[in-house]
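Okay, here's what each chain looks like letter by letter:
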Amino acid sequence: LLEAWNNSITETLKEVESLVSTRTMKDGYSEVQLTQKAVIATFNHDTSRNLDPQIHTHALFLNMTPTDDGWRTLASGTVRKDGFIEAVYANQLALGQIQLNQLRRQVESMGYETVDTGKNGLWEIKGVPVDIFSTRSREIREAAGDDASRKSRDVAALDTRQAKQKEPDRDELLTEWHERIDRTGFSYSAFREKAQAREAQLRTEQV
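Each value, and the rule that gives it
- Residues numbered from 1 in each chain as written.
- Predicted model: local features only at pLDDT ≥ 70, side-chain atom pairs only at ≥ 80, totals over all residues.
- Heavy atoms only, no water.
- Phe/Tyr/Trp six-rings, centres within 6.5 Å; stacked < 30°, edge-to-face > 60°.
- Helix = DSSP H or I, 4+ residues; strand = E, 2+ residues; numbered from the N terminus.
- Buried < 20%, exposed > 50% of the residue type's maximum accessible area, 1.4 Å probe, protein only.
- Expected span 1.5 Å × (residues − 1).
- Contact = heavy atoms within 4.5 Å.
- Pairing = 2+ DSSP bridges.
- Salt bridge = Lys/Arg side-chain N within 4 Å of Asp/Glu carboxyl O.
- Axes fitted to C-alpha atoms, helices over the stretch in contact; angles between N-to-C directions.
- Left-handed = near helix turned anticlockwise from the far one by under 90°.
- Nonpolar A, V, L, I, M, F, W, Y, C, P; charged D, E, K, R; others polar.

Draft legend 1. Quick peek at the packing of aromatic side chains. Considering all chains together, one arrives at four aromatic pairs under this definition. Taking 5.4 Å as the distance between ring centres and 45 degrees as the angle between the ring planes, the aromatic pair formed by F61 and F84 counts as tilted. In this pair, F61 is assigned in strand β4 (residues 53-61) and F84 in helix α2 (residues 84-90), connecting sequence segments 23 residues apart. A residue is classified by how much of its surface remains accessible, and F84, at 6% relative accessible area, is buried.

Written out as structure tokens, the structure is:
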């Protein structure tokens, strides 16, 4: 599942990279030149600020892109909204859906069933307890309301965000997670066996 997550991030970043541009001067006029090449570092984190399990990836774009004339800075366009970061913001919903769809296809091919859980392509793996690990989502929902807009949820996320906690002892944290999910009666082994059987069936049907 982690490999599927990383693959979906890689494919999505290829789409982000297609938006990369720099700014050049031609005959005294500033022009945006599409380069579609970037230098990117990614970092996986596996907890929320509430120390619930939450895989997410930070992608750091260095302020540089190669051109025929050498390396140049990424285009900025705060006035005309035609820079690289402006293009990313303008397409953030579509980019998020690309990542979710990429991941979903891979997860389902592994035999896991998925269910829709909200707008804009949100989904979850069917049968996995999530409420016990969604304290951060619950805080945002309680602050903004169930039908809040994306902007309102973003504001609520900032208003309710705790300061980053000291890195916990990993063994203690994993033990606490396992104890929490054990109380729901969920069985990892039974869940994996069911997924493996469904994956084998899918492969048979494809043949």
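Draft legend 2. Representation of helix α1 (residues 2-17) in the model. The first and last C-alpha atoms of α1 sit 22 Å apart over 16 residues, in line with the 22 Å expected at 1.5 Å per residue. For α1, the full list of buried residues reads A4, W5, S8, I9, T12, L13 and V16. Check the buried side of α1 and you find it contacts β3 (40-47), β4, α2 and α3 (92-109).

Draft legend 3. Highlighting the pairing of β4. Sheet analysis places β3 next to β4, joined by seven bridges and oriented antiparallel. Bridge pairing in β4 links N44 to T57. In this antiparallel pair of consecutive strands, β3 and β4, the connection spans five residues, and L51 shows a positive phi of 65 degrees.

Draft legend 4. A look at the pattern of salt bridges. All told, the structure shown has nine salt bridges when counted by the stated rule. Sharing partners across several salt bridges, the network here consists of R23, R80 and D82.

Draft legend 5. Structural context of α3. The end-to-end C-alpha distance of α3, which contains 18 residues, comes to 26 Å, matching closely the 26 Å that a straight helix rising 1.5 Å per residue would cover. Taken residue by residue, α3 has L95, Q99, L100, L103, R104, Q106 and V107 as its buried positions. In the core, the buried residues of α3 are packed alongside α1, α2, β7 (114-116) and β8 (123-125). Taken from the residues just after α3, G111 is the one with a positive phi, measuring 100 degrees.

Draft legend 6. Broad picture of the packing of α1 against α3. Two numbers describe how α1 lies on α3: the axes approach to 9 Å, and their chain directions differ by 145 degrees. Considering how the two elements wind past one another, α1 and α3 form a crossing that is right-handed. Across from A4, W5, N7, S8, I9, E11, T12, E15 and V16 in α1, the residues of α3 making contact are L95, I98, Q99, Q102, L103 and Q106. Of the residues in the contact of α1 with α3, the class split is seven nonpolar, six polar and two charged.

Draft legend 7. Quick peek at unusual backbone geometry. Positive phi, close to 60 degrees, is recorded for K81, a residue that is not glycine. Here K81 lies in the loop between β6 (70-72) and α2. Assessed through its relative accessible area of 59%, K81 is described here as exposed. Not every positive phi belongs to a glycine, and N120 is a case in point at roughly 60 degrees. Structurally, N120 can be placed in the loop between β7 and β8. Classification of N120 by relative accessible area gives partly exposed; the value is 33%.

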